[in-house]
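Listed here are the chains, written in short residue letters.
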Amino acid sequence: MNNQTVRLTRQGEVATLTIISKMGSMGAAFWQEVPQVLRDLEGVRVLILRGDKIFSAGLDVVDNAGQIAPTLGKPAEFKAVVDQMHAVTEGLAALPIPVIAAVHGWCIGAGLELISGADIRICSNDAKFSLPEVKLGITADLGGLQRLPHLIGRGRTAALALTGEPIDAATAERWGLVTEVLPDPEALFARAEALAQQLAALPPKALEGTKRTLQDDLPHAQSMANAVTWNAHHMTVEGLQAALKRG
């Protein structure tokens with residue numbers, strides 16, 4: 001598939017989705033192409049999400065204006081447009097496989113909302129994160145305001161979203177937005193690949209069950225019961241024996 005905005009490559013059971021549009025911008029074609037790519041992950045056990053020159057400059061307001069402007073003041077029509085964008089942010093978060101976001105350079109607006117749906121986020125030392133929608137007269141509506149409080153806390157999310165001011169890599173690590181900061185993009189991508197290969201070697205149903213449980217947002221007892229039910233269906237004697245041998 002010859003996409004304009006993203007490129008999917010594979011190395012064994014690990015796939016890498018690279019945002020290749022100029023400055024990682026998310027224009028109209030991006031929202032159309034990514035859902036198709038997410039449906040083309042058969043046999044993939046881990047997905048790496050990354051950018052090209054930078055991670056992403058966020059929503060391309062000019063390119064999307066043709067779709068958005070005619071719907072302003074018309075809630076149902078506006079929702080239909082935004083639902084196409086949700087197919088990307090929610091579709092990525094809903095994947096049953098681990099998603100690793102590897103961020104270098106700027107990660108702005110919709111880019112930050114996108115990586116909030118990843119399972120593991122790492123970055124290089126030059127990374128900067130920003131949620132500047134308020135400066136454009138917009139309330140962020142692609143999942144960031146819902147997911148970020150669970151990742152970094154409500155107060156820190158409010159600081160990002162209400163001021164629109166950026167944070168650097170060190171702050172992102174201290175806040176818990178990312179779990180590792182690498183010295184440069186080359187080291188970042190090498191680390192992302194190594195981590196992905198490590199995860200791909202683990203039992204896929206155990207990874208999927210762990211991801212489901214982390215995301216379920218259910219009452220404590222119900223979440224535990226669901227995890228027990230998952231294990232009852234997917235644990236195997238062979239898997240336990242193999243784990244003991246690796247021991």
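Sequence order sets the numbering: in each chain, residues are counted from 1 along the sequence as written. Given that this is a predicted model, residues contribute local features only at a pLDDT of at least 70 and side-chain atom pairs are listed and counted only at 80 or more, while totals for whole chains, interfaces and linings are drawn from all residues. Calculated side-chain values reflect all of the structure's heavy atoms, with hydrogen atoms and water omitted.

You'll find the chain entered in an unreviewed UniProt entry as Carnitinyl-CoA dehydratase, with Deinococcus xinjiangensis given as the organism. UniProt positions are given in the numbering used here, feature names are shortened, and annotations may be inferred rather than shown by experiment. Under the UniProt heading Sequence similarities (unreviewed entry), the entry covering the chain gives this text: "Belongs to the enoyl-CoA hydratase/isomerase family."

## Observations regarding the pairing of strand β2 (residues 14-19)
Exposure categories follow from relative accessible area, calculated using a 1.4 Å probe and restricted to protein chains: below 20% of the type maximum is buried, above 50% is exposed, and the middle band is partly exposed. Every helix listed is a DSSP run of H or I at least four residues long, and every strand listed is a run of E at least two residues long, numbered separately from the N terminus. Counting buried positions over the six residues of β2 gives six, a clear majority of the element. Burial along β2 is two-sided: the face carrying Val14, Thr16 and Thr18 and the face carrying Ala15, Leu17 and Ile19 are both buried. As paired elements, strand β1 (residues 6-11) and β2 share six bridges and run antiparallel to each other. Counted as the bridge partner of Arg7 is Thr18 from β2. Paired strands, in this sense, are two strands between which DSSP finds at least two bridges.

## Observations concerning the packing of helix α2 (residues 61-68) against helix α3 (residues 75-93)
Between α2 and α3, the shortest axis-to-axis distance is 10 Å and the interhelical angle comes to 135°. Taken together, the axes of α2 and α3 lie oblique to each other. Counting all contacts with α2, which are made through Asn64, Gln67 and Ile68, the residues of α3 involved are Phe78, Val81, Gln84 and Met85. Gly counts as polar in this scheme, as do all residues outside two lists: the nonpolar Ala, Val, Leu, Ile, Met, Phe, Trp, Tyr, Cys and Pro, and the charged Asp, Glu, Lys and Arg. Partitioned by chemical class, the residues of the contact of α2 with α3 number four nonpolar, three polar and no charged. Only the stretch in contact is used when a helix axis is fitted, and all axes are lines through C-alpha atoms; the angle between N-to-C directions ranges over 0 to 180 degrees. Convention used here: angles under 35 degrees read as roughly parallel, angles over 145 as roughly antiparallel, angles from 65 to 115 as roughly perpendicular, and any remaining angle as oblique. Contacts: residue pairs with any heavy atoms within 4.5 Å of one another.

## What about unusual backbone geometry?
In the Ramachandran plot, Met23 falls in the positive-phi region, its phi being about 55° despite a non-glycine side chain. Looking at the secondary structure, you find Met23 in the loop between β2 and β3 (25-26). Positive phi outside glycine occurs at Asp217, with the angle close to 50°. In this structure, Asp217 sits in the loop between α9 (204-215) and α10 (220-234).

## As for the packing of helix α1 (residues 28-38) against α3
Taken N-terminus to C-terminus, the directions of α1 and α3 make an angle of 35°; their axes are 8 Å apart at the nearest point. Between α1 and α3 the crossing geometry is left-handed. Contacts between α1 and α3 involve Phe30, Trp31, Val34, Pro35 and Leu38 on the former and, on the latter, Gln84, Met85, Ala87, Val88, Gly91 and Leu92. Residues that form the contact of α1 with α3 fall into these classes: nine nonpolar, two polar and no charged. Note on convention: the crossing is left-handed when the near helix lies turned anticlockwise from the far helix by less than a right angle, right-handed when the turn is clockwise.

## Some thoughts on the sheet that holds strand β8 (residues 120-124)
One open sheet holds the six strands; their spatial order is β1-β2-β4-β6-β8-β11, and the pairing between them is mixed. Every other strand in the sheet has two partners, leaving β1 and β11 (180-182) as the edge strands with one partner each. Strand-to-strand twist of the sheet, defined as the mean angle between neighbouring strand axes without regard to direction, takes the value 20°. Relative to strand β4 (residues 46-51), β2 runs parallel, the two being bridged by six bridges. Paired with Ile19 across the bridge in β4 is Gly51.

## A closer look at the pairing of β8
For β8, the tally of buried residues reaches four of five residues, placing the bulk of the element in the interior. As paired strands, strand β6 (residues 99-103) and β8 are joined by four bridges and run parallel to one another. Looking across to β8, one finds that Ala101 is bridged to Arg121. Direction of pairing for β8 relative to β11: parallel, over a ladder of three bridges. Across the sheet, the residue bridging to Cys123 is Val181, located in β11.

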